[in-house]
Amino acid sequence: MLKKVLLSLFGLMVTGAAAAKDIDHLKAEFSVLLNGDPTRGVNTLTIDRNKNRYHVHFSLAHWLLDVEQKASFNWQDCSARPDTFSYKAKALGIRREERLVFDPQTSMVLYQGRDGDKLLSTDGGAFDSVSFFFEARCDLMAGKTTLSYPVVRDGEIKQTAFKVVGREAVKTGVGTFDSLIVERDRGNSKRKTRFWVAPELDYQLVQISHEENRQLAVTVTLDKLSYTLRDQPTTLAEHQGQ
């Protein structure tokens, strides 16, 4: 269960940019609390941009599990067109791998998982677990308070909904930031996932929390950050360690 929770959380630790604030490069590190206690591990995220194409890489080296996620997609005018997505995970000696290959010519996506390969139609649109957050960030910058996206998960295309539920100051390793609180809309489920987005940091994700039940809660918080914007080449590395 913990493996599944951490995988879902780290899929969220990715941000994009809107219109005139496209990111050219980003490097970040995150700390993890498990049931309120710090855990050992190195969690890094990098985003690199080459013209209209993004490459995103997340790596987690943790005593409970190792995770690596990679995504590539085209980006233009706040619209993401997924290309490939993959992740590898190892926990307690158990390995899991999945891969997505999108084909815009046929409007299909190839899902490759432990149960074999599966072709899914993307006629109604579909994202991987990384690319849709780039569009979500654009929508937040545009002032939207309810969000919903079709995302390929576990061999299915599932509608994933969120809503803005308030604001809160979040203390991170790079400073304290007034942030929007965005909550995963799970209907009547007691499970709760929230993430905090800081407008001051160009709508970067600065914290995520997930409560699976009374016995399991995980919080991921930004610890170090540096990035450059396409139209404003400003590096925020000076915030590190504050």
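Procedures and definitions
- Residues numbered from 1 in each chain as written.
- Predicted model: local features only at pLDDT ≥ 70, side-chain atom pairs only at ≥ 80, totals over all residues.
- Heavy atoms only, no water.
- Helix = DSSP H or I, 4+ residues; strand = E, 2+ residues; numbered from the N terminus.
- Buried < 20%, exposed > 50% of the residue type's maximum accessible area, 1.4 Å probe, protein only.
- Contact = heavy atoms within 4.5 Å.
- Areas by Shrake-Rupley, 256 points an atom, 1.4 Å probe, with all protein chains shown as cover.
- Pairing = 2+ DSSP bridges.
- 1 Å grid on protein atoms, 1.4 Å probe; cavity = no way out; pocket = protein on both sides within 12 Å on 5 of 7 lines; lining within 4 Å.
- Points joined across faces, edges and corners; volume = space filled by probe spheres on them.
- Nonpolar A, V, L, I, M, F, W, Y, C, P; charged D, E, K, R; others polar.
- Disulfide = S-S within 2.5 Å.
- Polar contact = N/O pair within 3.5 Å; in protein donor to acceptor, adjacent residues only side chain to side chain.
- Patch = residues over 30% accessible without salt bridge, like charges linked within 9 Å, V, L, I, M, F, W, Y side chains within 5 Å.
- Salt bridge = Lys/Arg side-chain N within 4 Å of Asp/Glu carboxyl O.
- Lys, Arg positive; Asp, Glu negative; His and termini not counted.
- Charge placed at Lys NZ, Arg CZ, Asp CG, Glu CD.
- Phe/Tyr/Trp six-rings, centres within 6.5 Å; stacked < 30°, edge-to-face > 60°.

Participant: Explain the overall build of the chain here, please?
Facilitator: Regarding its fold elements, the chain presents two helices and 15 strands. Residues counted as buried form 46% of the 242 residues belonging to the chain. Expressed as a percentage of contacts within the chain between residues at least 6 apart in sequence, the contacts between residues at least 24 apart total 44%. With the model as given, the accessible surface of the chain reaches about 12,100 Å², and the carbon-plus-sulfur share is 46%.

Participant: Where do I start with the pairing of strand E11 (residues 156-172) in this structure?
Facilitator: Two faces make up the sheet, and in a regular strand the side chains alternate between them. Strand direction decides the pairing type here: strand E10 (residues 146-153) and E11, joined by eight bridges, are antiparallel. Each residue of the ladder has a partner; that of Tyr 149, found in E11, is Thr 160. The turn joining E10 and E11, which pair antiparallel and follow one another in sequence, is formed by two residues; a positive phi near 50° is taken by Asp 154. Note: E11 against strand E12 (residues 175-184), ten bridges, orientation antiparallel. Note that in E12 the partner of Gly 166 across the bridge is Ile 181. Where E11 folds back on E12, the antiparallel hairpin that results is connected by two residues.

Participant: Teacher, can you tell me more about the layout of surface pockets here?
Facilitator: Unfilled space is identified by rolling a water-sized probe across the atoms. By volume, the second largest pocket is sized at about 160 Å³. Elements that contribute at least two residues to the lining of the second largest pocket include exactly strand E6 (79-91) and strand E7 (94-103). Of the residues assigned to the lining of the second largest pocket, the class counts are seven nonpolar, three polar and two charged.

Participant: What should I look at first to understand helix H2 (residues 131-141) in this one?
Facilitator: One turn of an α-helix holds 3.6 residues; hence residues three or four places apart share an orientation. Of all eleven residues in H2, ten are buried, a share of seventy percent or more. Buried within H2 are the following residues: Ser 131, Phe 132, Phe 133, Phe 134, Glu 135, Ala 136, Arg 137, Cys 138, Asp 139 and Leu 140. Phi turns positive, to about 95°, at Gly 143, one or two residues after H2.

Participant: How should the state of the cysteines be read in this particular structure?
Facilitator: In protein chemistry, a disulfide is the covalent bond that joins the sulfur atoms of two cysteines. Using the criterion set out here, one finds one disulfide in the structure. Put simply, Cys 78 and Cys 138 are joined by a disulfide, and their sulfur atoms are 2.1 Å apart. Judged by the sign of its S-S torsion, about -75°, the bond between Cys 78 and Cys 138 is left-handed. Placement of the pair is Cys 78 in the loop between strand E5 (65-76) and E6 and Cys 138 in helix H2, with a sequence separation of 60 residues. On the accessibility criterion, Cys 78 (25% relative accessible area) is partly exposed. Judged by relative accessible area, Cys 138 falls into the buried class, the value being 7%.

Participant: Is there a simple way to think about unusual backbone geometry in this case?
Facilitator: Both trends apply: most residues other than glycine have a negative phi, and most peptide bonds are in trans. For Lys 51, which is not glycine, the phi torsion reads 60° and is therefore positive. With respect to the element layout, Lys 51 can be found in the loop between strand E3 (41-50) and strand E4 (53-62). Look at Asp 77: it is not a glycine, yet its phi comes out positive at around 50°. Turning to its location among the elements, Asp 77 is positioned in the loop between E5 and E6.

Participant: What should I look at first to understand the side chain of Thr 193 in this one?
Facilitator: Of note, Thr 193 is situated in strand E13 (residues 192-198). Within the local environment of Thr 193, its side chain forms a polar contact with the side chain of Arg 186, the two groups lying 3.0 Å apart.

Participant: Looking at this model, I keep getting lost on a positive patch on the surface. Mind explaining?
Facilitator: Among the surface-exposed residues, Lys 70, Lys 88, Lys 90 and Arg 95 lie close enough to one another that they form a single positively charged patch. Of note, Lys 70 is situated in strand E5.

Participant: Could you clarify how one ought to interpret the packing of aromatic side chains in this entry?
Facilitator: Inspection of every chain in the model, using the stated rule, returns eleven aromatic pairs. Centroid distance Phe 132 to Phe 133: 4.2 Å. Interplanar angle 50°. Geometry classified as tilted. Each member of the pair, Phe 132 as well as Phe 133, carries the same accessibility label: buried. For the ring pair Phe 132 and Tyr 149, a centre distance of 5.6 Å and an interplane angle of 45° mean the geometry is tilted. In this pair, Phe 132 sits in helix H2 while Tyr 149 sits in strand E10, placing the two residues 17 residues apart along the sequence. Owing to a relative accessible area of 4%, Tyr 149 belongs among the buried residues under this scheme.

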